[in-house]
Every structure is written in C-alpha cells, then in structure tokens.
Amino acid sequence: MSEATAVKEHISHEHHGFMNTYIFSLDHKMIGKQFLLLGLIMLLLGGGLALLVRWQLAYPEQPLPLIGASQHYLETGEAETAMDSYWDSELSKTEDEQGWLVQKMPVGIITPAFYNALFTMHATIMVFFVVMPILVGAFGNYLIPLMIGTRDMAFPLLNMLSFWIAVVSGAIMLAGFFVPGGHAATGWTGYPPLSTDPAWTGVDWGQNLWCISLIVLGISSLMGSINYITTIINMRAPGMTYMRMPMVIWALFIVAILLLLALPVLTAALAMLVFDRLAGTTFFNPAGGGDPLLWQHLFWFFGHPEVYILILPGMGITSEILPVFSRKPIFGYKAMVLAMASLAFLSWIVWGHHMFQSGMNPSMGMTFMITTMVIAVPSAIKTFNWLGTLWGGSIRFTVPMLNSLAFVSMFVIGGLSGIFMASSAVDIFIHDTYYIVAHIHYVVFGGSIFAIFAGVYYWFPKMFGRMMNEPLAKVHFWLSFIAFNCTFFPMHILGVGGHMRRIYNPMQYEFLQQFEHMNIFITMSAFALGLTQLILLFNVFHSMFRGKKAGDNPWNANTLEWTAATPPPHGNFDAIPTVHHAPYEYSAPGISEDWLSQTNELQPTNGNGH
Amino acid sequence: MLDWLPQNVSTFGSEIDKFFYVIYYITTTVFFLVTAAMIYFLVKYRFQEGKPARYYHGNNTLEIVWTSATLVAMLILAVASKPLWSKIKQNPPPAEVIIKVTGKQYNWEVLYPGPDGAFGTDDDYQVDNNVHVPVNKVVHVLLGSIDVIHSFFVPQLRLKQDAVPGREIVAWFEVTEAGSYEIPCAELCGFGHSGMLGRLIVHSPEEYEQWVGQTWPDN
Amino acid sequence: MSDVFTEERANTLVQDYGGTPPPIGAGPSDPGNGGRQDSSGKSHANAILAMALFLGADVMFFAGLIGAFVVFRFGALHWPPPGQPLLPLGITGINTGILLISGAFMVKTWQNIDRWPHKKITKALTLTTLLGMTFLLVQGYEWFRLVAFGFKLTSGTFGGTFYTLIGCHALHVMGAVLWLATVTVRLARNRLDQQQRNTSIALIGMYWTLVVALWPILYGLVYWN
Ligand code: HEM
Ligand SMILES: [Cu+2]
Ligand SMILES: [Cu+2]
C-alpha cells in the first residue's frame, strides 16, 4: 500500500472501533496522548521511588510510616498494629517463602541493596520513561504535524510501533523489580565493573533487564526520530519555511537529530555490557584486558546529548508560550534557533566533564573544561532572549505563562550551578556530591518538568477540547514552585558541605551529622512536592470530562494548531493551510487584533525584522 | 552558603575554595541581575488596558554583544582554572611520603612501604582504613582497586580521585593541620558503599616519629 | 466532532483565521492526499530520507563499537595479544575485493535505473546478490577456522571486539543479502511497478552501499597489522 492510499485510508476510517481509535491508533494525536499517559503513570512511579529514597535519607533505617512496624514491636517483639502482625508472620517464614515486600524492606526498613535499586530506578524511569516520553513522545507527536500544517506523520505505522515498543521496553524495565536478586542497583549511569558481574552487587537479571529494556527503547526512539525528521523536512505546509517554523518544532527537530545519533552509541555500549554479563567477554573488565573507563566514555558521549534531549523541548515550549502571553514577537528568533543548534553541536564534545575525577588523562580535563564553558554561552543567549521577549510586552499571567517563567528562572539557576562543575578544579570537590544532584534537578525538574506543566496547561484545550481548571492550576503551580525550591535548593548546601550522593545513611559520617535537620527538611518538602502533583492529576482527569468547553483558539495564538478544530479531527485540517507569516506576529501594527495567525494573508504595515 | 564548606586543611584546598568563591560571586551576581530584570519586566510590562505590547523582533547588535561577552567570560574562567587543575592532577610536587591505597568492597586497604621505602618487601605494613601521614609533607597516594570503582574523597583536603581497577592513579596532598579526617568513598561501589569509610590520621612530626617507631619497632 | 465541514464550522474558521475562509474541501493547496503535492514522489522522497537517517544511526552504532576497538587495539602493547592468531589477511583481502565489486554493481544499477532495460537490472542485481553471498560464505568459513583454532568471543578484548564488530557487520550483510534477494526475485517475476521498483532499488542500494563502504574500514582496522 503506498503512502498516499495509506493516508486516505487513514482519514476515511475515522472512529473505527475502540481498538483502532484508542489502542493501535495510527493518528499522531492519539499516539501523543498515549505517550502522555505512559509518562504520567511512570511519573507517579518514579516519584514514589524518590520519596522512598528521601525517607531513608531523613530517617535512616527507621520503618516507613503506615506500612512499617511500630516502635513497640521493634522494641518488644509484640505485634501491636496490623502491619506488625504482617511483618511478624513474614519474618517467621523461610527466606524463599517470604514475600516481595519483606525482602526489600523488612519491618518497613529499606535495605541498603534495595536503596541502591531505588535511586537507580528513580533516575532511569524519570529520564527514559517520563521526560523523554512526555516531552519528545507526547509533545513531539501531538505538535509536529499540527504545527507544520500536515495531516499526520510521514510514517503513521512506524509511529504506532514506536509507542508500543516503548511500552514493551517499560514493561521489561518494571519486570526487573520482581526478579531474584532485585533490580539494577548501579545508578542510572551503570558504571562497570560494578554492573558487569553479579558478584559485586548480588543483582543478576535485574541489571540484564535494565540493559535489554534500554536497548529496546533505543529501537523505539530510532523509529520516532526518523519519523519526526522526515515529517519536518518533507511535509511542511505551503509557505512553512524553516524560518517560519515555531520554536518548539525547531527544538523537536534538533532533538530528533540528537536522538537519532546518540541513542545508537548507548545501544552499542549496552550490547557490550550485556555480552560482558552473559557471554563472558571482558570489554569493561580489567582482569581480561578490558577498560572500565571505556564505558564511561561511551555512556557520556551519549549522556551529554541526552541531557540536551531532555531540556531542548522544554526550551521550545517556553519559547512558544512566552510570546503568546507577552503578546509580542519572540526576541531574536534567529539567534534562538542558532543557539539551539550550537547547543546540539557542542553537546557532542563536552562528555568528559562527567569524568574529571575518573582517572581519565588529566590533560583531557583541560579540553573538556573549555568546551563545557563554551556550552554555557548558548544557554545564556537563550535566557537573554527570553528576557528580551518579556521586555515591552503586555504580559498575562496565565498558568502556562507562570510555569514557563518558572522554567526560565530555574533553568538560570541550573545553568549557573553548572559553571562551578565546569571548572574542573572546583569539580574535584563537588563531583559526586549533592551539588550535582541539585544541578540535575534544577535543570531537569525546574527545567523539563516545569516545561511539561506549561505545555500540558497550554495545549490541553486543544488536546481534549476543554479548559483546565484555572484556580486549581494556580494552586498547583505555586505549591510546586515553592516545594520544588525547598526540596532542591538546600541540596546545593549539602553539596558544599561535601555530602556524597548515592549514600544509604549520611549519619554514618561525622562530618555530615550537621545536615540531619536539613535532610529532614528536604524530605518533608519532597513529600509536599509529591502530594502537590496529585492536584495536577486530578485537574487533568477532571477537566478532561468536566472542564469548560474550549474554543478553537482560546489563547489567541498564531501557530497552526489553533486553526484546526478543537479537538482536531482525524487529518487535522479541513484543508491544508497556507502559511503567510513567521509564528510570533503579535501586536503587529495595522492589524486590528493583537495577533496574526500564520494563515492570515494580511500583512503588518511595518515589517520590522522578518 | 560558603560557610558550609568543611574546614580546609590542604595546601591546594584554599585555592580551590578561592575559585569556588570567585565563581560563586560571579554567578550570584548574574542570577540577581537576571532575576531583577525579569521581575522588573514582569511588573512594568504586565497587561494594562490600553497599553499594547511593542512589535519588536530583536536586535542583532545586542545579540552579538551578549554572546561575545559571555563567551569571553567563560573562556577566562576556563583558562584561569587550568593552572590549579594541572597542579592538582597533572604535576604533583616530588613525594616525601608514598603510600598505596587500594579500594575493595567496602574498605580502603592501606599499604606502607616501611623504612626501606620500597613496596613488595618484608617490611611493608598493611592495614585497613587507617591512613597515617605526617603534617606538612607531600604525600603521594598510589590509588588502585581490586574490584569495582571507588573514589578516594577527603572533604577537608578538597581531594577526590576515583580508584579504578586495572590502573594505578597517583593522587597527592599536603596537609597543613594535624588531626583526624574521614575518608568516605564517593563512588557507588555496592550495597556497602555507604559504610565504606577510612580515616586519615595526620600526625605532628613528633607523633609521626612515634607512630613509625611503634609500627616498625625493629628499626 | 467536526469531521463534517458545516457552515457553522466555516464561520468559526473565518473568525479564527481572521481573513478569508479557507477553501472548502480540496483547494489548490490541498491535493487531497495529506498535503503531498505529488503523492508517489513524496512517499518516495520520505522513504529515501528515512533510509538515509537510519543509516546515520547505524553509522553511530558502528562508531561506538569501532571506538571500543580502537581503544583496545592502540592501547595494547602487543596486538594481536600473545597467543592469539593472526587474522587471515590475504583471503579476507580477496573477499574485500568481492564485496567492493558487488557494491560497484549495485551503484551502477542504481544510477542507470531509468536507462537500463528491465532484464539488465535484474541481472545486475542477481550478480550483486551472489557476490554478497560469496562474501558471507568466505567469512563463515574463516570464522569456522578461527573458532577451531580456539579463538572465541571470550578470548580477551581481541576476541570480544573481533566477533562483535565483524559479527555486527556480517549480520548487516546477511540482512542486506536477504533483502536484496527478495527484491531481485520480485523484480524477476515482474511484481513491482516502476515506482515501487525505483524505490526498492534506491533503498537497498543505499543500505548496500553503507554495508560495503564500512567493510574496507573494518578490514583496515581489524585485519591489517
Ligand atoms: C550551562 C550549562 C551546563 C553546564 C556548564 C553543565 C555542566 C555539568 C557538569 C560539569 C556536570 C558533571 C558534574 C560532575 O559529575 O561532577 C554536569 C552534570 C549533569 N548535568 Fe549539567 N550542565 C549544564 C546544563 C545541563 C542541562 C541543560 C542539563 C539537563 C537537562 C544537565 C543535566 C545534567 C545531569 C543529569 C548531570 C548529572 C549526571 C550524573 O552524574 O548522573 N546539565 N553538568
Ligand atoms: Cu554533561
Ligand atoms: Cu567504595
């Protein structure tokens, strides 16, 4: 069947049974929503794991609330609560008969081995199954065809496969929790030799499944990125030149290129790791002539582009939302595009900044320090241009706008903290401390996740045809913003105090005694942050069915998705639109409205800077 | 925030701290300027009836100015960090004391060459976790590992170096104050990672003599 | 939902667009097949681009493996490590020639696809396939000998990199030969129309070119001493 008939078929077979509409849909919008759902479910799970980690750090080796045994039981051995009796009966069984829970956290106390699996899986899930599926999978799928003015992706079938392969990969990843020996426990970076031999961790199939799942995810990502790039290059509506593409499309375009080229390197490294584990090779095992640092080079050669995969779509979303709610063209469109392109380019030559203390030849440290310092420049350019966009605007503080502003300011903190680590000498002290953890979370939570919030609030009306509840959304935003900063800002201080990351019990160290209260404060804030997300979930599902009906263009925005019906039907547009403008012509002189749709033929009276 | 830095007792530690301070002052200034500008814009340009937004697409001169300004600032920082980095990791001063420290799950195995100054001889002395060194002497640590990667971290020395199996990596330090400091492992090395904790015991010259006398009584 | 284009919908659109209403149904800008100006041309272009992108990813995958190999080979004091066999340089050299010739056939066919008669194309592709198979057979035989010698996947980093790197390439050749054979058979049986034929040959041509072009690099790096 040729592409053309496929698309015709695709358009005419609307509402074609539950399976084809909701499960094996070929429609990019449904696939986008599926990715969103996958990401949100995984977000709950990944967040839950983080809270367990936080509990242990604040109250080391104390039973968890609710499910843990009571103090009375621990002291006297007499069961007092229902949970006490449960633990009591489980503990009296032989080891192979004991249930899952009691192996991981007897009497509700997290074991060190399980603790390592917790933070490993927290990061793995958040990076690969939350931020990537939502920012790239959900927004990429939903927005690309709508915003470049076409009816679907270039390869709808490949698109569907890409989603379902991601689901399979997720299922393999989750299966790891239930295999003997427990899940992978070597950090999301999986450094060998710790990860090559079950003897070092006691983890057997957990680590194998971790590798296999990520290899499978690589296939899904390959399909997705080929689809995105082909669609953007070949299927733009008439008049949609590259320099008229919305910023979020530029971001997703660049991200797709990064994904295409970076993930295969990880796949190669994972394949070698699997061979080391299962086939007796010694790529990373010095005893057989291998080199543990080889993994680090390969991993970070993938890993640094990966962190830009996590942030670029967020930058795109922010660049989309700031002009709309400032009612003003984006400041320095070309500079913004160039900055993203140079970030993407530079991200290939900075990987060594993760390895300053690894034993890598120190003269390479100097090279990587320079490239890393240089990569801070495009980040700064983006920030200045966002400020320029606000300057002279007519700013509306809608919920998407609030979240985008949070993105900008949190990204500034994350970027600035990166400069400390970029200086290899300073990094000697803060490497592998909570300073890094703070940095990561300012860019990935403060950045990517706030961008996800912004994007969900902004495009929800288009996706589901209804508005989200605004007061509730504001409460969610402010609580998240405050709890986020209370959770992660103090981690800078822990890092400055030398607090290592990935440790089970900070109270084992004299020099960390002083941080007990700070750790408790962080944990409480983290729980508040976690609970706050329930507001978002409630709002999403409530508004989906009960929200106020949305018009086609509730924000008076210019880009093409708002010219489609709400929600857009199969095939998106009644007729393929023709584009006459750059995407951010707000408050143009000579136009009666303060916006000018990309499809509007009218021209502003003075065309500054086209 | 800088008050939280652990007390520094190594020769190069204060230079790292100085760098930390410089970057701290620069970045905090930038942060406050950016945030102030943002808040100012948000207030000044908030939606007001009858006050439309400017139709303005950007300014190339401004782009060039702020790009080159940040680029220059960043390059200066990089170039300025270089000598300190080489001093700590590339060109150690000649050793006055040499010891071997080998990471193993979950201890630091410390090997002293003994009075003959050579490893692999009868007077070698091996002990877990206790690193005895004299104050104000350049100490070279030959770092290795027999199993997985560990990281030799002494917060008060601002020293951190991974110990990688299959390699011998030289780390060095010179302590300026006698005392006892913790040596946590800073690289995840298994479920016992968190308890992996050595001790750096820095002796005054007399004390050090005494310790040597006790450890190698025959000499 | 508004999949039916009603008057009411047209009015909302007029409001939304702020200008003249968009043409109803297939207007000049909408040929009615998803915005593709020329449906067959566009899907051909999409397929070619997608293949090119896939090859880019594939090259990165090999770059990872080759990177590992380079680290070991040029970091080692002795290569091959003591006790390991020298690789069969001569016969593999001839094999390299065979693969290169098959690549030349492929490229020629691809270039002349609109000029050559159907028969000639089929013949050239058959030859390409046969040469590819010969390459695989010779490789297989050499592997057989190496394994018999005791050189295995687990023979240190030399064995590990050799079998993963050369093995991955061999898997690529195998896949390519199977695909090529399928295309050739369908071509011989006249199962493809002109457009399908051009697309299939372009796609397999690209893939085959990559597989062939990778080989001399691997040969030079892995076999040469
Ligand atoms: C101004 C730009 C940035 C600079 C100069 C920078 C610098 C660095 C450096 C030097 C490290 C290694 C620190 C160490 O382990 O000792 C690091 C770690 C990290 N960065 Fe950045 N970074 C920047 C932006 C970002 C962005 C935008 C993201 C992601 C969205 C990001 C995510 C991460 C992550 C996840 C790690 C930790 C990886 C790990 O060890 O688990 N960074 N950064
Ligand atoms: Cu990085
Ligand atoms: Cu350790």
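Scroll up a little and you will see the structure.
For every chain, the first residue of the written sequence is number 1, and numbering continues from 1 onward in sequence order. Numbering of ligands from 1 and lettering of chains from A proceed in the order in which they are written. This being a predicted model, a pLDDT of at least 70 is required before a residue's local features are given, and a value of 80 or more before pairs of side-chain atoms are given or counted; all residues contribute to the totals for chains, interfaces and linings. Side-chain numbers come from the whole structure's heavy atoms, not from hydrogens or water.

Draft legend 1. Examining the overall build of chain B more closely. Helix and strand definitions follow DSSP, with helices as H or I runs of at least four residues and strands as E runs of at least two, each counted in order from the N terminus. Helix and strand counts for chain B come out as three helices and ten strands. Listed by position from the N terminus, the elements making up chain B come as α-α-β-β-β-β-β-β-β-β-β-β-α. Here the globule rule reads 2.2 Å times residues to the power 0.38, and the radius of gyration is calculated from C-alpha atoms. By the compact-globule yardstick of 17 Å for 219 residues, chain B is too spread out, its C-alpha radius of gyration being 25 Å. The principal-axis extent of the C-alpha atoms belonging to chain B is close to 95 × 35 × 30 Å. Counting the 219 residues in chain B, one finds 52% classified as buried. Residue burial is assigned from relative accessible area. The probe radius is 1.4 Å, only protein chains are included, and a residue is buried under 20% of its type maximum, exposed over 50%, and partly exposed in between.

Draft legend 2. Fine view of the sheet that holds strand β9 (residues 179-184) of chain B. Residues and elements named next belong to chain B. Two strands are said to pair when DSSP picks up at least two bridges between them. Strands sit in the order β4-β10-β9 across an open sheet of three strands; the sheet is mixed. What marks the edges here is a single partner per strand, and that holds for β4 (130-134) and β9. For this sheet, the mean angle separating the axes of adjacent strands, direction not counted, is 25 degrees. When β4 meets strand β10 (residues 197-203), the two strands line up parallel, connected through five bridges. Of the residues in β10, the one forming a bridge with N130 is R199. Lines fitted to C-alpha atoms define the axes, with helix axes restricted to the stretch in contact, and inter-axis angles between N-to-C directions lie between 0 and 180 degrees.

Draft legend 3. Layout of the site of ligand 1. Residues and elements named next belong to chain A. In the neighbourhood of ligand 1, 23 residues make up the surrounding shell, with W188, D427, H431, H439 and R501 lying closest. Each polar contact in these results corresponds to two N or O atoms within 3.5 Å; when the atoms are within protein, one needs to be able to donate a hydrogen and the other to accept it, and residues that are neighboring in sequence are counted only if both atoms are side-chain atoms. Contacts to ligand 1 include H439, whose side-chain N or O atom sits 2.9 Å from a nitrogen atom. Every element with two or more residues in the shell around ligand 1 is listed here: α12 (292-326), α14 (362-390), α15 (399-422) and α17 (434-464). The cutoff for a nearby residue is simple: one of its non-hydrogen atoms must lie within 4 Å of the molecule or strand.

Draft legend 4. View of a positive patch on the surface. All names here are of chain B. Patch rule: a residue counts if its relative accessible area is over 30% and it has no salt bridge; like charges are joined within 9 Å, and nonpolar side chains (Val, Leu, Ile, Met, Phe, Trp, Tyr) within 5 Å. Here the open area of atoms and residues is found with the Shrake-Rupley method and a 1.4 Å probe, where only the protein chains shown may cover a residue. For this document, the term salt bridge refers to a Lys or Arg side-chain nitrogen within 4 Å of an Asp or Glu carboxyl oxygen. Counting rule for charge: Lys and Arg are taken as positive, Asp and Glu as negative, and neither His nor the chain ends is counted. Each charge is placed at NZ for Lys, CZ for Arg, CG for Asp and CD for Glu. A cluster of like positive charges, contributed by K44, R46, K51 and R54, occupies part of the molecular surface. Relative to the helices and strands, R46 is located in the loop between α1 (13-44) and α2 (60-90). On the basis of relative accessible area, R46 is assigned to the partly exposed category, the value being 37%.

Draft legend 5. Quick look at helix α18 (residues 470-496) of chain A. Here α18 of chain A is 27 residues long and its end C-alpha atoms lie 39 Å apart, about the 39 Å a rise of 1.5 Å per residue gives. Two or three places before L472 of chain A, at the start of α18 of chain A, stands the capping residue N469 of chain A, its side-chain oxygen 3.0 Å from that residue's backbone nitrogen. Each helix should span, by expectation, one fewer than its residue count multiplied by 1.5 Å.

Draft legend 6. Representation of the interface of chain B and chain A in the model. With 80 residues of chain B at the contact, the number on the chain A side is 102 residues. As a working definition, buried area equals the accessible area (1.4 Å probe) given up by two parts on being put together, with both sides summed. A buried area of about 7,900 Å², summed over both sides, lies between chain B and chain A, and 71% of it is on carbon and sulfur atoms. Linking chain B with chain A are two salt bridges, by the criterion used here. Close ionic contact of R199 of chain B with E510 of chain A constitutes a salt bridge, the shortest N to O distance being 2.7 Å. Applying the counting criterion to the chain B and chain A interface returns 26 residue pairs in polar contact (both at pLDDT 80 or more). Counting only elements with at least two residues in the side of chain B that touches chain A, the list comes to α1, α2, β7 (159-163), β9 and β10 of chain B. Residue polarity follows a fixed list, in which Ala, Val, Leu, Ile, Met, Phe, Trp, Tyr, Cys and Pro are nonpolar, Asp, Glu, Lys and Arg are charged, and the others, Gly among them, are polar. Class assignment of the residues belonging to the side of chain B that touches chain A gives a composition of 49 nonpolar, 17 polar and 14 charged. Working rule for contacts: check all heavy atoms of both residues, and any pair within 4.5 Å makes them a contact.

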